[in-house]
Amino acid sequence: MSTTFLLNVNNIPRAVTAEGDKTLLSVLRDELALTGAKRGCNQGVCGACTVSIDELPMRSCLSLAANCVGQEILTVEGLQRDRVGAALQQAFAESGAVQCGFCTPGMLISARRLLLEEAHPDHEQIRSGLSGNLCRCSGYRKIVNAVQQAAQELSK
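Remember, predicted model here, so these are calculated numbers, not experimental data.

*Asks:* Explain the packing of helix α3 (residues 104–117) against helix α5 (residues 141–154) to me, using residue names and the numbers behind them.
*Replies:* Relative orientation and spacing of two packed helices are given, respectively, by the angle between their axes and the distance between those axes. Direction vectors running N to C along α3 and α5 enclose 45°, while the axes themselves pass 11 Å from each other. Here α5 runs oblique to α3, going by the angle between their axes. Two packed elements cross with a definite hand, and for α3 against α5 that hand is right-handed. Contact residues: M107, A111, L114 and L115 in α3; I143, V147, A150, A151 and L154 in α5. Of the residues in the contact of α3 with α5, the class split is 9 nonpolar, no polar and no charged.

*Asks:* Help me get a handle on the pairing of strand β3 (residues 50–53), residues and values and all.
*Replies:* Regular strands place side chains that alternate from one sheet face to the opposite one. Burial along β3 is two-sided: T50 and S52 facing one way and V51 and I53 facing the other are all buried. As paired elements, β3 and strand β4 (residues 56–59) share 4 bridges and run antiparallel to each other. Across the sheet, the residue bridging to I53 is L56, located in β4. Linking two consecutive strands that pair antiparallel, namely β3 and β4, is a turn of 2 residues; a positive phi of about 50° is found at D54 within it. Where β3 lies against strand β5 (residues 72–74), 2 bridges are found, and the strand directions are antiparallel. Each residue of the ladder has a partner; that of S52, found in β5, is L74.

Reading the values: rules and limits
Residues numbered from 1 in each chain as written. Predicted model: local features only at pLDDT ≥ 70, side-chain atom pairs only at ≥ 80, totals over all residues. Heavy atoms only, no water. Axes fitted to C-alpha atoms, helices over the stretch in contact; angles between N-to-C directions. Helix = DSSP H or I, 4+ residues; strand = E, 2+ residues; numbered from the N terminus. Parallel < 35°, antiparallel > 145°, perpendicular 65-115°, else oblique. Left-handed = near helix turned anticlockwise from the far one by under 90°. Contact = heavy atoms within 4.5 Å. Nonpolar A, V, L, I, M, F, W, Y, C, P; charged D, E, K, R; others polar. Buried < 20%, exposed > 50% of the residue type's maximum accessible area, 1.4 Å probe, protein only. Pairing = 2+ DSSP bridges.

Following this line, the structure appears as structure tokens:
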């Protein structure tokens, strides 16, 4: 049975009508046309569907949309209006950290949380902060460098 509820996505209240078993990923992509979060493994392993829920990176494929009422949801589409998110996007683009792009939204959301917690992370802290996000294209070097570049830019 479908119900209507309100989700706060990227600081915009959005009325959504969905069944109670719909995942946040499905609602974001199919109902709200926010396709940045990707459907990868659909089991919470790859990190491609990562969004921020109340400032914590969460797998949207494992989160029920109805359970997110009253929480702040940030997707990759909302990062441009966020100081840390915008710096990360710029650094990813400049350093060539975006290859096929499938993992990039989840990487950006996870990297944002890391930089909110640690202003000057070292390589190991960055690798640990991104550990729940898989990239099949790279050896992660450019991604780690991009996060360090963003941290340096934010500290200016």
